Amino acid sequence: MTFDIALYLGQNGVTLAAIYALLAFALVLVFAVTRVIFIPQGEIMTFAALSLVAMRAGHPPLLAWLLVGLGVIAWLQDGLVILRSGRVRRLVHAGVVNLGAPLVLLATVYTLPLASLAYAQQIAITLAMCAVFGPLLYRVVYAPAAKASVLTLLLLSVALHIALNSLGLLLFGPEGSQLPAFTDGSFQLGGMPVNLQTLWILGSSVVLLVALFFFFRFSLYGKALRATAVNRTGAQLMGISPVFAGRAAFLLAGVVGAWSGILVATTTVIDYEAGFVIGLKGFVAAIIGGLASYPTAAAGALLVGLTESFASFWASAYKDVIVFLLIIPVLLWRSMASGHHDEEEES
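Please read these numbers as outputs of a predicted model, since none were measured by experiment.

A word on the nonpolar core. Most often, soluble globular proteins keep nonpolar side chains buried together rather than apart. Counting 94 residues, the largest nonpolar core has Phe-38, Met-129, Phe-133, Tyr-142 and Val-304 as the members making the most contacts within it. Looking at this core element by element, the count peaks at 15 residues for helix H1 (residues 3-34). Not counting residues up to four positions away in its chain, the partners in contact with Phe-133 are Ile-44, Phe-47, Leu-63, Leu-66, Leu-67, Leu-70 and Leu-164.

Rendered as structure tokens:
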């Protein structure tokens with residue numbers, strides 16, 4: 001390995017780390033607020049990327065129909081509660097809340113000339129769909145089991161991953177696709193070629209992470225999510241709705257996952273099942289952070305990205321295995337450093 005090759009691998013590792021940091025941030029946020037290990041984060045990535053591919057080809061993304069289906073299920077769930085309470089008039093309100101955004105997005109993708117839209121407009125529609133997708137998944141799958149144990153919620157995540165993976169094959173087919181770069185071209189930096197798309201990935205990831213930092217630090221809604229992450233019961237006693245906190249966390253996870261998927265698809269071919277492995281690498285970074293610390297998770301993402309990049313040079317066939325092996329010493333160290341704690345059950 002020469003110094004030039006090491007620089008190139010380092011650049012690639014940092015680029016991968018920027019994407020894994022976003023995924024780790026979303027995973028830590030969702031777990032802190034809802035205790036859900038959100039394995040289907042990878043499916044949100046692939047659904048977003050492949051929906052954008054479909055729009056660029058002029059085809060309405062079938063993800064819009066999935067949103068409508070989830071909205072109907074959520075409406076039925078709310079409707080049963082409303083009928084049992086005798087407040088029948090609230091059925092219309094529940095329908096608007098659960099089906100309003102999905103129907104608007106469905107009408108949007110079927111009425112607009114998708115192929116002739118600007119790239120930024122297509123991306124905006126994709127992000128909007130995933131911003132609705134996340135909260136609907138929470139409402140339909142996780143909210144009914146909000147007080148269940150972490151193990152039960154993990155099993156729900158595994159089941160949801162399997163279901164979405166199968167739906168991905170049905171909606172998008174088995175073929176892989178790639179998105180065009182936001183900006184073509186490259187320049188020389190210290191004798192090393194740097195793609196402009198790499199700057200897009202690094203810059204947008206940093207901007208998004210900084211924006212989220214200010215959101216959690218200074219906005220009222222961000223502080224509400226932080227309070228829920230610190231103490232769910234205490235936050236609820238102070239008037240912060242756990243349902244709102246859960247939906248907000250999944251909304252942010254949906255947007256972050258969608259943007260991560262779009263960034264990945266501009267650098268490599270992605271298919272309906274590619275997001276699972278990428279999401280697991282973000283999960284490794286989140287585990288390094290203990291599923292609690294955002295800065296440590298970001299450092300873990302850098303470690304994962306650099307490890308994958310250099311492993312692809314030394315042992316490309318085993319690069320994923322080497323990355324996943326990073327989790328073993330972390331878990332061993334954490335198990336020895338902390339005593340046994342029984343899970344707190346909420347009443």
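Before going further, it helps to examine a nonpolar patch on the surface. Residues Tyr-318, Val-321, Ile-322, Leu-325, Ile-328, Leu-332 and Met-336 make up a contiguous nonpolar surface patch of about 710 Å² in total accessible area. Listing elements by their share of the nonpolar patch, those giving two or more residues are helix H13 (319-325) and helix H14 (327-337). Mapping Tyr-318 onto the fold places it in the loop between helix H12 (294-314) and H13.

Counted by the stated rule, this structure contains 16 aromatic pairs. Note on Tyr-142 and Phe-250: the rings are 5.4 Å apart at their centroids and 35° apart in plane angle, and the pair reads as tilted. Residue Tyr-142 is found in helix H5 (residues 119-142), and its partner Phe-250 is found in helix H10 (residues 242-265); the two are separated by 108 residues along the sequence. Grouping residues by exposure puts Tyr-142 and Phe-250 together as buried. The structure contains a cluster of three or more aromatic residues connected by ring pairs, namely Phe-38, Tyr-138, Tyr-142 and Phe-250. A cation sits over an aromatic face here: Arg-56 above Tyr-119, 4.3 Å from the ring centre.

With that settled, the discussion passes to the confidence of the model for the chain. For the chain, the average pLDDT comes to 85, and 96% of its residues sit at 70 or higher. Highest mean pLDDT in the chain belongs to H5 (94); lowest belongs to strand E1 (residues 186-189) (72).

Thresholds, definitions, all that
Residues numbered from 1 in each chain as written. Predicted model: local features only at pLDDT ≥ 70, side-chain atom pairs only at ≥ 80, totals over all residues. Heavy atoms only, no water. Core = buried A, V, L, I, M, F, W, Y, C linked by side-chain atoms within 4.5 Å. Buried < 20%, exposed > 50% of the residue type's maximum accessible area, 1.4 Å probe, protein only. Helix = DSSP H or I, 4+ residues; strand = E, 2+ residues; numbered from the N terminus. Contact = heavy atoms within 4.5 Å. Patch = residues over 30% accessible without salt bridge, like charges linked within 9 Å, V, L, I, M, F, W, Y side chains within 5 Å. Areas by Shrake-Rupley, 256 points an atom, 1.4 Å probe, with all protein chains shown as cover. Salt bridge = Lys/Arg side-chain N within 4 Å of Asp/Glu carboxyl O. Phe/Tyr/Trp six-rings, centres within 6.5 Å; stacked < 30°, edge-to-face > 60°. Lys NZ or Arg CZ within 6 Å of the ring centre and 35° of its normal. pLDDT = per-residue confidence, 0-100.

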